[in-house]
Each structure stands twice: as C-alpha cells, then as structure tokens.
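Report on the structure
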Amino acid sequence: MKSLESIIENHPFFKDLEPRFLELVTGCASNVRFEAGSFIFRQNEEANQFYLIRQGKVALEVCPPNRDPVIVQTVSDGEILGWAWMVPPYNCHFDAQALELTRAIQLDGQCLRKKCEEDHSLGYQVLSRLLPIIGKNMEATQLQLTDIYGNRS
Amino acid sequence: MDNNAQDPMVPQLYEVTRTIRETHDSFSLHLKSKGDSDIPEFGPGQFNMLYAFGVGEVPISISGRAEKSGNLIHTIRNVGSVTSALNDLKKGHTLGLRGPFGTSWPIEACKKQDVVIIAGGIGLAPLRPAIYALLKQRDQFGEIAILYGVRQPKDLLFTKEFETWRGKYGIQVKVTVDSADREWKGNVGVVTTLIPRVSFDPTHTVAMICGPEIMMKFSILALKQSGMSEKNIFITMERNMKCAVGFCGHCQFGPAFICKDGPVFAYNKIKPFFETRDL
C-alpha cells in the first residue's frame, strides 16, 4: 500500500516538491473517498479543505436562486478541487458533487495556510502551483462566456 | 471534380434520399446524383456548394458517405435563410450541388504517427470523413484521440458512433460541454481541458482541428504547450465562400483563398494571417 507521502509526491499538483515541503504538506493530509452523488462541499460553506483528485470525477455546480443547478466545470484524475481555502473570506463558491466514486487526498486548508504563513518558501511553492490553475480556470470561463461554439454552419 | 469538369459554376441536380435530425438545430441530408454521372470522389475535409433553389447557395463540408448506398452526407446547422431552406427539404426533393472543392485533411501524413482530432460544435462534421479514413486503416496509426466540445449536451453530434470508435477501434473519445444540468455525467469545461487527459506522443503527432477560430486558437496554444510542433497542426478555415474556385475573392484570407487553397491548412502556413485582427 502506498504511503500518503508517496501519493502526494506522485500527484501532478505537487510534482517535484522538495522533501522538506512534502513532509509539511503530508502533515495536513488524509485519504478520503466519496460515493457517486455525494456532496464534497456546498456553496457558501467555509472553505477549509482542498483536494488532490486521485481517481474519479467531481462536478462544480452553481446554484442560482429559483433555478436548477448548472454544472460549470468538472475535475478528474490528477487535478485539484478547491482554491477558496487560500483566499479570504475562505468561502466555497460552488457545490461540489462526486459524479462517480472519487478517491482523493484531502488537505486541511487551515493547517496548510498556517504552515505557509510560517514558511514563506512553502507558501511560494503552493501559490506558484495554484496560480496557473486559477489562471487556466479564468481563461476557460472567459471562453465559455464568449459562447465559442456559436454560429458555424 | 470530374462532374464539374465542364463548368464548376454549374450546379448538378441531386435528390434528397434521407434526412436525419441530428440535434435540435442540426440535420443531415443524404444525397444522390439525379444525372448520369456518379457521385464524385471526395477527400476528407472537402466541401460542396449546396443550392436551395430560389434562396441561395452555401458551402457545406461533406460529413461522410452513406454506408450502403454510398450517397453523400452533409451535416448542416440551421443558422440562416439558405440552411433553413435546406432544413425544409424532404426525401425526394431536389437541390443543386457543385463540388467537391478545396483541400483535404492530411491522412497520409498521419501514418505511423499519433493523431489528435479536436472538434468544436458542428466542427465534428467536416472531421468525420477523416475519422472514417483513419478507422479504415487503423493499424497504420498510433494512438488516436478525438476531443469534442459543444455548448450543451443537446448539441452533441453523432453520439451513437462514439462507442464504436472507442470499443471497436480503440480510439480515445473524450467529450466535454460548456455547461450542463445534473443529468449530464460527463465532462464540463472547454475542449482544451481534454488535451492533458489523453495519451499521445507530442513529438510524433499530427493534430487536426475544426471549430470556431477562437476555439482553434486556444487548442493550438494548448497543443504547443504539450510539446507539439506547429508544422504538425492542421486547421480548417471558414470565410464567405461564393464561387468556390478562387475567382470571386470573397473568401480571400491574406494571400490565400479559403475555397481553393483551403479550407484545410497547415497552421504554420497561415499563422501570420490567423493571428491578424479583422482579417
């Protein structure tokens, strides 16, 4: 059976992380699984966790008032779920629902934030991995907003 | 273009043998020649000019050949007056057809290579003949990945064929939509997010992309980030094609005419113009 540390080390998000940082991150981690249909977090809840998806698929849903929920993104193997744990006021912006059996590493956001504040080198490592993902998500959102599949015949 | 050898501007008469409702706004027409000449050979990616009598003419890519009859298939999105008139055609009706015109997808260049096909919306239709050509000689190619993005699940084309492509031919078929309700259990996100989820060797891969230009732009960017060379990326362009033989100039794109020099281009050949605003 793989150790938690080796699972984290092999996840693309923490690829090539120095061993001293890996140890710090592992101290905040636990193994979790979510059955299909279960909610991992809900919109407006406190964002105290983030997840390294090992296997499975999770839908991020917006729940507009008086309308059915809309899935705006899915994340799957090798990706991460959640970044609101890093940005005040630390609230979830979406519902996250497992679409299939999903195995993940759960990282305690408060624990990791504290370690990042104590060791800015770790903070830089985490942020420099998180920022490109946030950037890509923003770019993808902009593309979705432009309705790119519009009018080709 | 044998049937047009005498005059490429004169439409031939074709009969609608079958109509298929593909999605809420897209349909396919199966067509057979009403004249003595056989249905012309076409390359994957080529297009015909379809003429709805009394309404007008539009360029429509060939989306395949019917399995039993060999009739031509065109898959069309109903977005304007001519496509609306084509949408109204029933079995037995007649339309005018000129073609086939333009360049084809580089199937030969794909041999011994991995192939990544990226389609957006109705863009899967012009790529389907290329997919059929790859499947016909499946053992000549390495990994084949088809990445397909649409706005909503109801916009997906040819879904019944996906399982055959996956199961019988070992193709990696990944589908994503821009947004969905809870009934949808597949991927949600832009089509470029699928690129890291399929297996291919970027140094030995040919990519073919068809979709709106903004989608192609970001797909090219993502393929380059994955390590692919620009010279192995092929795209298909669309402009206001009228004559289809490079006379009228309506579809001029820099030094090229989309109808004659395209619609399929090697990306590195048109890159400077592809990135020019308002061209």
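Residues numbered from 1 in each chain as written. Chains lettered and ligands numbered in written order. Predicted model: local features only at pLDDT ≥ 70, side-chain atom pairs only at ≥ 80, totals over all residues.

Let us look at the overall build of chain A. Looking only at helices and strands, chain A has four helices and eight strands in total. When the helices and strands of chain A are read in sequence order from the N terminus, they spell out α-α-β-β-β-β-β-β-β-β-α-α. At 16 Å, chain A has a C-alpha radius of gyration in line with the 15 Å of a compact globule built from 153 residues. When the backbone C-alpha atoms are referred to their principal axes, chain A occupies close to 55 × 30 × 30 Å. Taking all 153 residues of chain A together, the buried fraction comes to 32%. Within chain A, contacts between residues separated by at least 24 positions form 74% of all contacts whose residues are at least 6 apart in sequence. (Helix = DSSP H or I, 4+ residues; strand = E, 2+ residues; numbered from the N terminus. Rg over C-alpha atoms; globule rule 2.2 N^0.38 Å. Buried ≥ 20, exposed ≤ 12 C-beta atoms within 10 Å, placed from the backbone. Contact = placed C-beta atoms within 7 Å.)

What follows is about the interface of chain A and chain B. Taken together, the contact between chain A and chain B spans 20 residues of the former and 30 residues of the latter. Take the side of chain A that touches chain B: its biggest share by element is five residues, from strand S5 (residues 70–76) of chain A. Looking at the side of chain A that touches chain B residue by residue, the class counts come to ten nonpolar, seven polar and three charged. (Nonpolar A, V, L, I, M, F, W, Y, C, P; charged D, E, K, R; others polar.)

Residue and element names in this part refer to chain B. What the seven strands build is an open sheet, ordered S10-S9-S8-S7-S11-S12-S15; its pairing is mixed. Since the sheet does not close on itself, it has two edges, and those belong to strand S10 (187–188) and strand S15 (264–266), each with one partner. Along the sheet face, helix H6 (residues 267–274) touches strand S12 (233–236) and S15 and points at about 95° away from the line of S15. (Pairing = 2+ DSSP bridges. Axes fitted to C-alpha atoms, helices over the stretch in contact; angles between N-to-C directions.)

Residues and elements named next belong to chain A. When you line up the elements, Gly78 lands in the loop between S5 and strand S6 (80–81). Note on Gly78: 16 C-beta atoms within 10 Å, which makes it partly exposed. For the pair Gly78 and Asp119, spaced 41 residues apart in sequence, the C-alpha separation works out to 26 Å. The residues contacting Gly78, other than those within four sequence positions of it, are His11, Pro12 and Ile53.

As a further point, take the domain arrangement of chain B. All names here are of chain B. Once the domains are mapped, chain B shows domain 1 (2–101), domain 2 (108–231) and domain 3 (237–279). Each side of the interface is counted separately: domain 1 has nine residues, and domain 3 has seven residues. Going through the elements one at a time, strand S3 (47–52) and strand S6 (94–101) are the ones with two or more residues in the side of domain 1 that touches domain 3. Residue contributions to the side of domain 1 that touches domain 3 peak at three residues, all from S6. Considering only residue class, the side of domain 1 that touches domain 3 consists of six nonpolar, two polar and one charged. (Domains from an automatic or database assignment.)

So, on to the pairing of strand S1 (residues 12–21) of chain B. All names here are of chain B. Two elements, S1 and S6, share four bridges in a ladder whose sense is antiparallel. In the sheet register, Leu13 faces S6, and the bridge partner there is Gly96. Sheet topology places S1 next to strand S2 (residues 26–33); seven bridges connect them, and they run antiparallel. Bridged to Tyr14 within S2 is Ser33. Hairpin remark: S1 followed by S2, antiparallel, with four residues in the connecting loop.

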